[in-house]
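Examining the three-dimensional arrangement
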Amino acid sequence: MIEKEGILFFEINRPNIHNAINFEVIEGFRQLVNNVRTNKTSKLVVITGVGEKSFCSGGDLSVFHKLKTAEESYSMLSTVAEVLYDVATLEVPTVALINGTAVGGGCEIATLCDYRLVKKEAKCGFIQGKLAITTGWGGGTYLFEKGMRYDKALKMLTEATPYDSNELLSIGWATDLFEGDKLDALNEFIAKMIVPHSTVLKAYKKQLIRKWEQSQLFERIMEEVKECSILWEADVHHAAVNSFLTKKK
Ligand SMILES: CC[C@@H](C(=O)O)C(=O)SCCNC(=O)CCNC(=O)[C@H](O)C(C)(C)COP(=O)(O)OP(=O)(O)OC[C@H]1O[C@@H](n2cnc3c(N)ncnc32)[C@H](O)[C@@H]1OP(=O)(O)O
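Residues numbered from 1 in each chain as written. Predicted model: local features only at pLDDT ≥ 70, side-chain atom pairs only at ≥ 80, totals over all residues.

1. Quick look at the overall build of the protein chain
On a plain count of helices and strands, the protein chain comes out with eleven helices and ten strands. Here the C-alpha atoms of the protein chain give a radius of gyration of 17 Å, agreeing with the 18 Å that 2.2 N^0.38 yields for 249 residues. With respect to the principal axes defined by its C-alpha atoms, the protein chain has extents near 50 × 40 × 35 Å. Relative to its full complement of 249 residues, the protein chain shows a buried share of 37%. Here the analysis covers contacts within the protein chain between residues at least 6 apart in sequence; of these, 77% occur between residues at least 24 apart. (Helix = DSSP H or I, 4+ residues; strand = E, 2+ residues; numbered from the N terminus. Rg over C-alpha atoms; globule rule 2.2 N^0.38 Å. Buried ≥ 20, exposed ≤ 12 C-beta atoms within 10 Å, placed from the backbone. Contact = placed C-beta atoms within 7 Å.)

Okay, here's the thing in structure tokens:
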């Protein structure tokens, strides 16, 4: 995590496995939240992935595949969902700087951010359905909050396949697309924002958070977690994950 001129960068740094998320990365998100809450110097948070290929490929299946029952998976899913809710409701705006593939939980993390800047070549999607589970970190619930046409959102969830960047823009998931260097794209995007007046950014973010609190966003996310954990323990889910993990061996 580094902060530059009030912009706090959080990089997911596991490029060899497409920046899949383990408990260490989750701990990093927890520190990010603490940092913003205690230091009060951040005006904007940017989440991105290390490398050219991926933003994030979701949960690290080699770790989370060890969780077999609904209870075991609920414990992991709810822990992650709680930390990510804290990220979504940070007092400053959040940007997902999507440098490459974002699938599964990676697409959920991008969705909870306030803005999604997507590299032209990137593909993103909620592929959980192919593993016979739903989103389980709040991603489906956030998606329905993002002002997209609900039929497009539902289609994206139920097709369970990565979309290309043009489609992501046309359905309203991507805020903007970029080509070339991601930091140049970020600078161009935030140059139009009134970042120096961070009190104004925070005040607008509060309006959004008030709406989410009134509509019990957190409680709805926890229902999503519960539903996912029930699907998680079925044999069909474990067989699908097993097939991915053993595909080339
Ligand atoms: C668990 C939480 C749950 C949620 O609540 O949402 C989820 O996130 S479920 C979804 C989990 N994610 C996935 O199912 C994505 C799995 N990955 C892929 O589909 C592909 O790897 C890719 C991201 C599309 C990239 O494909 P490709 O370019 O062909 O690379 P490889 O497949 O060869 O990957 C290289 C290397 O990385 C390992 N890898 C990739 N993603 C994960 C992952 N999520 N967990 C663990 N390991 C992952 C992959 O197995 C390869 O390893 P080696 O074969 O050992 O090189």
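2. Here's the deal with helix α4 (residues 105-112)
The element α4 is largely enclosed, with a buried count of eight among its eight residues. Here α4 has its buried residues at Gly105, Gly106, Cys107, Glu108, Ile109, Ala110, Thr111 and Leu112.

3. Focus: the sheet that holds strand β9 (residues 163-164)
Pairing between sheet strands relies on hydrogen bonds along the backbone, with the strands arranged either parallel or antiparallel. Strand order across the open sheet formed by four strands is β4-β6-β8-β9, with mixed pairing between neighbours. Each edge of the open sheet carries a strand with a single partner, namely β4 (54-56) and β9. Relative to the sheet, α4 contacts β4, β6 (101-103) and β8 (123-125), its axis offset from that of β6 by approximately 100°. (Pairing = 2+ DSSP bridges. Axes fitted to C-alpha atoms, helices over the stretch in contact; angles between N-to-C directions.)

4. Quick look at the site of the ligand
For the ligand, the set of nearby residues contains 24 residues, the closest of which are Gly58, Gly59, Gly104, Gly105 and Gly136. Those elements giving two or more residues to the shell around the ligand turn out to be α2 (61-64), β6 and α4. Broken down by element, the residue count for the shell around the ligand peaks at three residues, all from α2. Partitioning the shell around the ligand into residue classes produces nine nonpolar, twelve polar and three charged. (Near = placed C-beta within 6 Å. Nonpolar A, V, L, I, M, F, W, Y, C, P; charged D, E, K, R; others polar.)

5. Some points on the pairing of strand β3 (residues 44-49)
Along β3, six of the six residues are buried, which leaves the element largely enclosed by surrounding structure. Residues Leu44, Val46 and Thr48 point to one face of β3 and Val45, Ile47 and Gly49 to the other, with burial holding for every one of them. Judged from the six bridges that link them, strand β2 (residues 7-12) and β3 form a sheet pairing that is parallel. Residue Ile12 lies in a different strand from β3, and its bridge partner there is Gly49. For the crossover that starts at β2, traverses helix α1 (residues 23-39) and ends in the parallel β3, the hand is right-handed. (Right-handed = clockwise from strand over helix to strand, strands pointing away.)

6. Focus: the confidence of the model for the protein chain
Chain-level pLDDT for the protein chain is 96 on average; 99% of the residues reach the 70-or-more range. Model confidence for the complex is summarised by a pTM of 0.97, with the ipTM given as 0.97. (pLDDT = per-residue confidence, 0-100.)

7. Observations regarding the pairing of β2
The two faces of a sheet get side chains in turn, since along a regular strand they alternate between them. Of the two faces of β2, only one is covered, namely that formed by Leu8, Phe10 and Ile12; the face formed by Ile7, Phe9 and Glu11 stays uncovered. Taken together, the three bridges between strand β1 (residues 2-4) and β2 define a ladder with antiparallel strand orientation. Residue pairing in the sheet places Glu3 in a bridge with Leu8 of β2. Where β1 hands over to β2, the hairpin turn is made up of two residues, of which Glu5 adopts a positive phi near 50°.

8. Side note on the sheet that holds β2
A sheet is described by the order of its strands in space; here six strands give the open sequence β1-β2-β3-β5-β7-β10, paired in mixed fashion. In this open sheet, the two strands that pair with only one neighbour each are β1 and β10 (176-178). Pairs of neighbouring strands in the sheet enclose a mean axial angle of 25°, with direction left out of account. Of the strands in this sheet, β2 and β3 are in contact with α1, which crosses β2 at around 175°. In the packing of helix α8 (residues 182-191) onto the sheet, contacts are made with β3, β5 (94-98), β7 (115-119) and β10, and the angle to β7 comes to roughly 145°.

9. Regarding the environment of Lys206
Within the fold, Lys206 resides in helix α9 (residues 198-214). For Lys206 and Glu219, which are 13 residues apart along the polypeptide, the C-alpha to C-alpha distance reads 19 Å.

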